[in-house]
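# Descriptive analysis of the structure
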Amino acid sequence: MSGSTGQNGLIVSAAGLTKVYQRGREEVRALHDVSFEIKRGEFVAVVGPSGAGKTTLLNLVGCMDAPTSGTLALFGKPVQNLKEQERTRLRREQIGFVFQHFGLLPTLTVAENIALPAFFAGRDAASRVDELVFKIGLKHRRDHRPSELSGGEMQRAAIARALINQPGLLLADEPTGNLDSATGESILDLFEQLNREGLTIIVVTHNRSLASAAHRQITLGDGALRLQP
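One structure accompanies this document, and this report is about it. Numbering of residues starts from 1 in each chain and follows the order in which that chain's sequence is written. The predicted origin of the model limits local features to residues at a pLDDT of at least 70 and limits the giving and counting of side-chain atom pairs to 80 or more, whereas totals for whole chains, interfaces and linings rest on all residues. For the side-chain quantities, the full set of heavy atoms in the structure was used; hydrogens and water were omitted.

### Quick look at the pairing of strand β8 (residues 200-204)
For each residue, the accessible area found with a 1.4 Å probe, counting protein chains only, is set against the maximum for its type, and the residue is called buried under 20%, exposed over 50%, and partly exposed in between. Each helix is a run of H or I in the DSSP string that is no shorter than four residues. Each strand is a run of E no shorter than two, and both are numbered from the N terminus. Within β8, five of the five residues are buried, which leaves it mostly tucked inside the rest of the structure. By the alternation rule, side chains of β8 split into Thr200, Ile202 and Val204 and Ile201 and Val203, which are all buried. Note on pairing: two strands pair once DSSP finds at least 2 bridges between them. When strand β3 (residues 43-47) meets β8, the two strands line up parallel, connected through four bridges. Within β8, the position partnered with Val46 by the bridge is Val204. Across five bridges, the pairing between strand β7 (residues 169-173) and β8 is parallel. From the neighbouring strand, Leu170 faces β8, where its bridge partner is Ile201.

### Things to note about the pattern of salt bridges
A side-chain nitrogen of Lys or Arg and a carboxyl oxygen of Asp or Glu constitute a salt bridge if their distance falls within 4 Å. Considering all chains together, one arrives at 10 salt bridges under this definition. Measuring nitrogen to oxygen at the nearest pair gives 2.8 Å for the salt bridge that ties Glu42 to Arg216. Placement of the pair is Glu42 in the loop between β2 (26-39) and β3 and Arg216 in strand β9 (residues 216-221), with a sequence separation of 174 residues. Across this residue pair, the class does not change: Glu42 and Arg216 are buried. With a shortest N-O distance of 2.7 Å, Lys135 and Glu197 are connected by a salt bridge. One end of the pair, Lys135, is in helix α4 (residues 126-135); the other, Glu197, is in the loop between α6 (181-196) and β8, and 62 residues separate them in sequence. On the accessibility criterion, Glu197 (41% relative accessible area) is partly exposed.

### A closer look at α6
Given the number of residues in a helix, its expected span is that number minus one, multiplied by 1.5 Å. Taking 1.5 Å per residue, 16 residues should reach 22 Å; α6 reaches 22 Å between its end C-alpha atoms and fits that length. Every buried residue of α6 is accounted for by Gly184, Ile187, Leu188, Leu190, Phe191, Leu194 and Asn195. Down the axis, α6 shows its buried residues gathered within 160° of arc, on one side only. Residues of α6 that are exposed and angled more than 90 degrees away from the buried face: Ala182 and Arg196. A contact between two residues is defined here by any heavy atoms of the two lying within 4.5 Å. The inward-facing, buried residues of α6 contact β3, α4, α5 (151-163), β7, β8 and α7 (208-213). At the N-terminal boundary of α6, the capping side chain belongs to Asp180, with an oxygen 3.2 Å from the backbone nitrogen of Ala182. Among the residues trailing α6, Gly198 stands out with phi positive, at a value near 110°. It is the directions from the helix axis to the C-beta atoms whose arc is reported. Throughout this description, a polar contact denotes any pair of N or O atoms lying within 3.5 Å of each other; where both atoms belong to protein, one of them has to be capable of donating a hydrogen while the other can accept it, and for residues adjacent in sequence the pair is counted only when both atoms sit in side chains.

So this is what it looks like as structure tokens:
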């Protein structure tokens, strides 16, 4: 996987992360003083009730948003003050994203959906697509469109798309939320395989099996850490 690390092999180093949103005249403190570290090769689950700040935390780590205060370093480099263009480059080159609702484009085939991030990065991804459709068990579906796939197949395609640029970090937000339990287990197996191959994974989940499979859990409640990692 691509991506260098900083001292002590840290992929993520967060200190005092706070995120405050304005809702009219009201201030909403989505995260408050959250600090943690994640080393290369870890598989970490972020858990807690709805509204605890899990997705906000994932958005900050994924450089889709910037903290109101606190510091965040990815791959050994501070990112909280990066310009939007720099954040976009970091997301594209170093971080893969998997979402609950798959996010596949309905007019594109499986292979075309998988290749899309590489296309935007100006990379020729043909051989990488071939490698990934085989790896995730969708070789027989590569020319099918999302409407022809099961939920599990759509999520596998979404995971392959997240891996196309060989990221150093995979972020997943409720990746089994729209799947039945058996299909969810197959996605869990795929995450475990990717992690064994060295990929660092952070997953937000309510799925107990998925959370239990992680090396450790970061528990949030009301925007703050409930248990220190």
